[in-house]
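# Structure assessment
Next come the chains, spelled out residue by residue.
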Amino acid sequence: MRAPRLLGLTAVLPLLAAGLIPATPAVAETATQAAPVQLLELTTSAGEATEVAEAGLLDTASAGTSGGTGVNPGIAPRLAAVARAATVGTAGGVDPEADALLLTEPLEVDDFLVAGFTWTGADELPAGLSVYLRVREGGVWSDWYLNEASGAGRDDAAGVAGTEEFITGGADAVQASVVGDAQALPAGLQLALIPGRPAGEEVLDPAELSAADAEPTAVATPEDPEEEPAGGLGAPTADATAQPTGAPATDAEESDPESSDSATGGSGAAGGTSLGPDLQAALETATTAGGLPVAVTTRSEWGANSAYMSWSPTYAAAKHVIVHHTAGTNNYTASQSASIVNGIYYYHAVTLGWGDIGYNFLVDKYGQVFEGRYGSTGAAAGKMVVGAHAYGANTGTMGISMMGTYTSVSPGATQLTNVGKMAGWFLKRAGVTNAAGSASFTFKSTEKYSAGQTISLPVISGHRDVGYTTCPGDVGYSKLGQIRSTAQNQVKGTSAQTSPTGSPTGSATAGNSARTHQVYLNDSWSAGANIVFTYTTPATSVMAGDWNGDGVDTTGVRNGAAYGFRNTNTSGASLRTFTYGRGTDQVLVGDWDGNGTDTLAVRRGNTYYFKNSMYGGGADKVVTYGTAADEVVVGDWNGDGRDTLAVRRGAEFHIKNSLAGGKADRVVIYGRATDAVYAGDWNGDGRDTLAVRRGASYYVRNSLSSGVADTVQTYGRSGDQAIVGDWNGDGRDTLGVVR
């Protein structure tokens, strides 16, 4: 259990009166006036609900409360609602008003930028208990937001438990809800409302609070992202050598930073928290000292108050980056970002008791980069000051947070680029040469992994890879591939042009052996290529499949756990990239569900994880077949339109006609144990058969039986990578080579 903070927050903390707040630097003088942090107490130290926490539960008809609050005229309906909420769960179906155990009225408050819930007595919210928040910005009430318990915190467990910081565009009214079991209410539950220049704290007196008018609003429900949030094939194992699941990469369609569907939109009501023109000018001349790849607004420039910092910096060798997001409405303006960072600083340092801001760097939706934890910009190469951004995984990592909620909207293009550049700057100084690779990492405290456990962790990971959290949001997590690509360009010092999807189109390498590839295809059985093109996305290997179901096989590329593909056999970069599985997996291509479109599967030992779409996420089917020592071949052996497996042992092929374990449906002997083997529909009869390769010669068999080759063809060089596909859509597979 993380140690409780010794100094409680149940009364005003008169820092100004005590002289603990020094004169702020001149650069921050144009910010708004200092104001106290407002504390709204929801439960007592004994875990009993406060008056203000239950005010919204009263019958609006008799109590005269404003519209928008839940109406629960009796205890029985309320208990029934709680039971229903527990049954449905927080993932869907919960009404934060009708199902509330605790519900405040919509309350008028002083302007604030950052909010967060804290409690005592437990590190996490009890199972089945959820807290929701909605705020009023510019006269408009937001949706209800589920506030997730923070997976961050110092590795030494100092501080109190709380939710992730919730950022706003300047709010002046708030309503809180708690859904779940009354027996699970934590003690000391309170809501902190933090302005852009916090100075002291005040507990809000229920007698002095005014109810606000509020129309009903919906729950902010995440849309289904284009890629599954899991980012891999299943839950990580407890094995000390287990590698966490892979991270979804570049999305098919990059959101325009100015579009209403992207996180960079929003009016961003000022709420008295914006910066003056002088400070904004100071931000525009932020530091690039120490070889920083982009301008970084330092702590002194955004007005960090040294009185709040009680955690001395310590430095550790580091070669991993953890990517985060915050929570909130995404409605802030560029001029508010520095004040928001200041509010996050107070929330982390004082409210949660960490003694400093937890992130090493923060990047707003406009691409502005801010220094977080003290000493982050001054860390020596190969080291980073230990932060509090990912409990158990702070030592040996750099934490960088994308300011905003990226569950169902995309981070801005400039925001992603600058996250990638900062990650690449850090990794290059640490001697990391492959931003898409992995390295061993040892956890300091028990969270998702046990203290002392060492795993192979991608050098750029999402918070969810090391902790029980949804951070950095489903869409944010799906962008890790784009971040890695940008970071790799930074590591290599290249300036490769970038396509709209974020895929490099220059010759920059994306790994130790990643490169562009020249492809030579032959759509007939002859010695010369009649289709030649360059796949310009750097990658380690090339594969082939019918990715769009048009009957023509085209090429795709692999780089570790990241994959890209094109739908024409012409020169160019990947149309879209995504991540599936691990960089160490063997990858297979096939039409697993018979829909006419090829997708991927990965193999680990004798276990195969099949995916029926060209996106990341969890496997659609898992099958165990053969042994880990077997060589595997994919084909449609019975002509039913579905590809299945065959395993090779010496010259024997053990063929299975369904995606299932068990005994082979037939065994065929062909070729020699030293031959390379391929499968394809060589004669267009709808059934795949075998071919073996010896040097540059291919021995093709048109039936799934033992015997001599029906066709012998020499093509390419003995050192070429061979691929098989129907390059012209005539129903017959032929050869291609990659150089």
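These figures come from a predicted structure and were not determined experimentally.

### Comments concerning the overall build of the protein chain
Scanning the protein chain from terminus to terminus reveals nine helices and 42 strands. Sorting the 739 residues of the protein chain into buried and exposed places 57% on the buried side. In the protein chain, once contacts between residues fewer than 6 apart in sequence are set aside, the share between residues at least 24 apart is 66%. Carbon together with sulfur atoms contributes 50% to the accessible area of the protein chain, which is approximately 26,300 Å² in total.

### A look at the pairing of strand 23 (residues 515-521)
Examined bridge by bridge, strand 23 and strand 24 (residues 531-539) share six bridges and lie antiparallel to one another. Paired with H517 across the strands is Y535, a residue of strand 24. Of the strand pairs in this sheet, strand 23 and strand 42 (residues 734-738) are connected by three bridges, and their pairing is antiparallel. Paired with Y520 across the strands is V737, a residue of strand 42.

### Remarks on the pattern of salt bridges
Under the defined criterion, the tally for this structure stands at 13 salt bridges. D156 is the partner of R154 in a salt bridge, and the nearest nitrogen-oxygen pair spans 2.7 Å. Residue class for R154 comes out buried when judged on its relative accessible area of 12%. D356 serves as the salt-bridge partner of R299, at 3.0 Å between the closest nitrogen and oxygen. Here R299, found in helix 5 (residues 299-302), pairs with D356, found in the loop between helix 6 (337-351) and strand 16 (361-363); they are 57 residues apart in sequence, far enough to count as distant. Judged by relative accessible area, which is 7%, R299 ranks as buried. Taken together, the shared-partner salt bridges connect E108, R136 and D172 into one network.

### A closer look at the nonpolar core
Judged by nonpolar contacts, the single largest core of 64 residues is most densely connected at V321, F361, M422, L427 and I460. Beyond its immediate sequence surroundings of up to four residues, V321 is in contact with M398, I400, A423, F426, L427, V459, I460 and S461. In this structure, L101, V135, A161 and A171 belong to the second largest nonpolar core, which totals 32 residues.

### Observations concerning the packing of helix 7 (residues 413-429) against helix 9 (residues 480-492)
Geometry of a packed helix pair, given as the angle between the helix axes and the separation of the axes. The N-to-C vectors of helix 7 and helix 9 enclose an angle of 50°; their axes lie 7 Å apart at closest approach. Compared by their axis directions, helix 7 and helix 9 come out oblique. The interaxial crossing formed by helix 7 with helix 9 has right-handed handedness. Contacts between helix 7 and helix 9 involve L416, T417, V419, G420, K421, A423, G424, W425, L427 and K428 on the former and, on the latter, Q482, I483, T486, A487, Q490 and V491. Looking at the contact of helix 7 with helix 9 residue by residue, the classes come out as eight nonpolar, six polar and two charged.

### Some details on the sheet that holds strand 29 (residues 586-590)
Strand pairing within a sheet occurs via backbone hydrogen bonds; the two strands may be parallel or antiparallel. Here four strands make up an open sheet; going across it, the order is 29-30-31-32 and the pairing antiparallel. In the strand order of this sheet, the two ends are held by strand 29 and strand 32 (621-624), each with one partner. Neighbour to neighbour, the strand axes of the sheet diverge by 25° on average, direction disregarded. In this structure, strand 30 (residues 599-604) lies alongside strand 31 (residues 607-610), joined through four bridges in antiparallel fashion. Along strand 31, the bridge assignment pairs A601 with F610.

### Remarks on the confidence of the model for the protein chain
A residue-level look at the protein chain finds 79% of positions with pLDDT of 70 or above and a mean pLDDT of 80. This stretch, residues 59-91, has a pLDDT under 50; its non-local contacts, to residues over four places away or in other chains, come to 59 contacts. A low-confidence stretch, residues 223-285 (pLDDT under 50), is modelled with 195 contacts involving residues beyond four sequence positions or located in other chains.

### A word on the side chain of K611
Residue placement: K611 occurs in the loop between strand 31 and strand 32. For the buried K611, no salt bridge is present, and the opposite-charge side chain at shortest range is D620, 4.2 Å distant. Here the side chain of K611 touches G618 through a polar contact of 2.8 Å, landing on its backbone oxygen.

### Brief notes about the packing of aromatic side chains
Applying the stated criterion across every chain, the model contains 14 aromatic pairs. Here the aromatic rings of Y308 and Y346 are separated by 4.9 Å at their centres, their planes lie at 90°, and the arrangement is edge-to-face. One end of the pair, Y308, is in the loop between helix 5 and strand 13 (315-317); the other, Y346, is in helix 6, and 38 residues separate them in sequence. Note on W592 and F610: the rings are 4.8 Å apart at their centroids and 70° apart in plane angle, and the pair reads as edge-to-face. One end of the pair, W592, is in the loop between strand 29 and strand 30; the other, F610, is in strand 31, with 18 residues separating them in the sequence. Each member of the pair W592 and F610 is classed as buried. Taken together, the ring pairs connect W302, Y308, Y345 and Y346 into an aromatic cluster.

### Brief notes about the pairing of strand 35 (residues 652-655)
Note that strand 34 (residues 644-649) and strand 35 share four bridges and pair antiparallel. Paired with A646 across the two strands is I655, which belongs to strand 35. Between strand 34 and strand 35, which pair antiparallel and follow one another directly, the connecting turn spans two residues, one of which, G650, has a positive phi of 70°. Both strand 35 and strand 36 (residues 666-669) contribute to a ladder of four bridges, which runs antiparallel. Considered in strand 36, the bridge of E652 is made with I669.

### Quick look at the environment of G707
Residue position: G707 is located in the loop between strand 39 (697-700) and strand 40 (711-714). In the structure, G707 is positioned 37 residues away from Y670 in sequence and 6.9 Å away in space, judged by C-alpha atoms. Beyond its immediate chain neighbours, meaning those up to four positions away, G707 contacts I669, Y670 and R701.

Conventions adopted
The residue count restarts for each chain, going from 1 along the sequence in the order it is written. A pLDDT threshold of at least 70 governs which residues receive local features in this predicted model, and a stricter bar of 80 or more applies before side-chain atom pairs are shown or counted, although totals over entire chains, interfaces and linings include all residues. Hydrogens and waters are ignored; side-chain quantities use all the structure's heavy atoms. By the criteria applied, helices consist of DSSP H or I runs no shorter than four residues and strands consist of E runs no shorter than two, each listed in order from the N terminus. Using a 1.4 Å probe on the protein chains alone, a residue whose accessible area is under 20% of its type maximum counts as buried, one over 50% counts as exposed, and one in between counts as partly exposed. Contacts are assigned to residue pairs with any non-hydrogen atoms lying within 4.5 Å of each other. Residue-level accessible areas treat just the shown protein chains as cover; the underlying method is Shrake-Rupley with a 1.4 Å probe. By the convention used here, strands pair only if DSSP detects at least 2 bridges between them. Only one rule defines a salt bridge in this text: a Lys or Arg side-chain nitrogen within 4 Å of an Asp or Glu carboxyl oxygen. What we call a nonpolar core is a set of buried Ala, Val, Leu, Ile, Met, Phe, Trp, Tyr and Cys residues that are connected through their side-chain atoms within 4.5 Å. Helix axes are fitted only over the stretch in contact, all axes being lines through C-alpha atoms; the angle between N-to-C directions runs from 0 to 180 degrees. Each angle gets one of four labels, with under 35 degrees taken as roughly parallel, over 145 as roughly antiparallel, 65 to 115 as roughly perpendicular, and the rest as oblique. Two helices cross in a left-handed way if the nearer one is turned anticlockwise from the farther one by less than a right angle. They cross in a right-handed way if the turn is clockwise. We call Asp, Glu, Lys and Arg charged. Ala, Val, Leu, Ile, Met, Phe, Trp, Tyr, Cys and Pro are nonpolar, and the rest, Gly among them, are polar. The score called pLDDT rates the predictor's confidence residue by residue, from a low of 0 to a high of 100. Charge convention: Lys and Arg are scored as positive, Asp and Glu as negative, and His as well as the terminal groups of each chain are ignored. Here a polar contact means two N or O atoms within 3.5 Å. Within protein one must be a hydrogen donor candidate and the other an acceptor candidate, and residues neighboring in sequence count only if both atoms are side-chain atoms. Each Phe, Tyr or Trp ring (for Trp, its six-membered ring) is paired with any other whose centre lies within 6.5 Å, and the angle between the two planes then decides the class: stacked below 30 degrees, edge-to-face above 60, tilted in between.

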